[in-house]
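Observations on the three-dimensional arrangement
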Amino acid sequence: MGYAGTWRLADGVVKHDVSVSAHPFQVGTELTRAAELDGDRLVLHGVATIAGRPQRCRLTWQRVPAPASAQHPAGRSSAQPRS
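Throughout what follows, the structure given in this document is the object of discussion. Here the structure is a predicted model, which is why all the values come from computation and not from measurement. (Residues numbered from 1 in each chain as written. Predicted model: local features only at pLDDT ≥ 70, side-chain atom pairs only at ≥ 80, totals over all residues. Heavy atoms only, no water.)

Glancing now at the pairing of strand 1 (residues 3-10). Pairing analysis gives eight bridges linking strand 1 to strand 2 (residues 13-21), with the strands arranged antiparallel. Across the sheet, Thr6 pairs through a bridge with Asp17, a residue of strand 2. The hairpin turn running from strand 1 into strand 2, its antiparallel successor, is two residues long, and Asp11 in that turn takes a positive phi close to 55 degrees. (Pairing = 2+ DSSP bridges. Helix = DSSP H or I, 4+ residues; strand = E, 2+ residues; numbered from the N terminus.)

Below you can see the structure in the form of structure tokens.
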């Protein structure tokens, strides 16, 4: 399953306005997913109908730490001074 579009957070759920989808019937629809934030993980829950039967789906996103080079304050360099 894959889709893309805009999203918004409303009352503890994520609402996706589908612009593009692997399933053409979803284009132009709104998909609602329950959202759960647990530390550095975002879990979306939903129900999909597969082969005529409802199936619970779970998608987990995990934030990865920024590279060390990106953690320096603006205007500062991690380069060592030359002797």
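The discussion continues.
Attention now goes to the layout of surface pockets. By rolling a water-sized probe across the atoms, one finds the places where empty space is left. Taken as a whole, the largest pocket spans an internal volume of roughly 620 Å³. Taken together, 25 residues form the lining of the largest pocket, with His16, Leu42, Leu44, Leu59 and Trp61 sitting closest to its centre. Listed by contribution, the elements that provide at least two residues to the lining of the largest pocket are strand 1, strand 2, strand 3 (30-38), strand 4 (41-50) and strand 5 (53-62). Here the residues of the lining of the largest pocket are counted per class, giving 14 nonpolar, six polar and five charged. (1 Å grid on protein atoms, 1.4 Å probe; cavity = no way out; pocket = protein on both sides within 12 Å on 5 of 7 lines; lining within 4 Å. Points joined across faces, edges and corners; volume = space filled by probe spheres on them. Nonpolar A, V, L, I, M, F, W, Y, C, P; charged D, E, K, R; others polar.)

Should the charged atoms of two oppositely charged side chains come close, the side chains can pair. On inspection of all chains with the given rule, the structure shows three salt bridges. For Arg8, the salt bridge goes to Asp17, with nearest N and O atoms at 3.0 Å. For Arg8, a relative accessible area of 35% corresponds to the partly exposed category. Linking Glu30 and Arg8 is a salt bridge whose minimum nitrogen-to-oxygen distance equals 2.5 Å. In this pair, Glu30 sits in strand 3 while Arg8 sits in strand 1, placing the two residues 22 residues apart along the sequence. Take Glu30: its relative accessible area is 38%, and that puts it in the partly exposed class. (Salt bridge = Lys/Arg side-chain N within 4 Å of Asp/Glu carboxyl O. Buried < 20%, exposed > 50% of the residue type's maximum accessible area, 1.4 Å probe, protein only.)

Topologically, His45 is positioned in strand 4. There is a polar contact of 3.2 Å between the side chain of His45 and the side chain of Glu36. Setting aside residues up to four positions removed in sequence, His45 forms contacts with Arg33, Ala34, Glu36, Arg56, Cys57 and Arg58. (Polar contact = N/O pair within 3.5 Å; in protein donor to acceptor, adjacent residues only side chain to side chain. Contact = heavy atoms within 4.5 Å.)

Next up on the list: the pairing of strand 4. Bridge count between strand 3 and strand 4: five bridges; the pairing is antiparallel. Opposite Leu37, over in strand 4, you have Leu42 as the bridge partner. In sequence, strand 3 turns back onto strand 4 through a hairpin of two residues, with Gly39 there showing a positive phi of about 65 degrees. Pairing analysis gives 10 bridges linking strand 4 to strand 5, with the strands arranged antiparallel. Residue pairing in the sheet places Leu44 in a bridge with Leu59 of strand 5.

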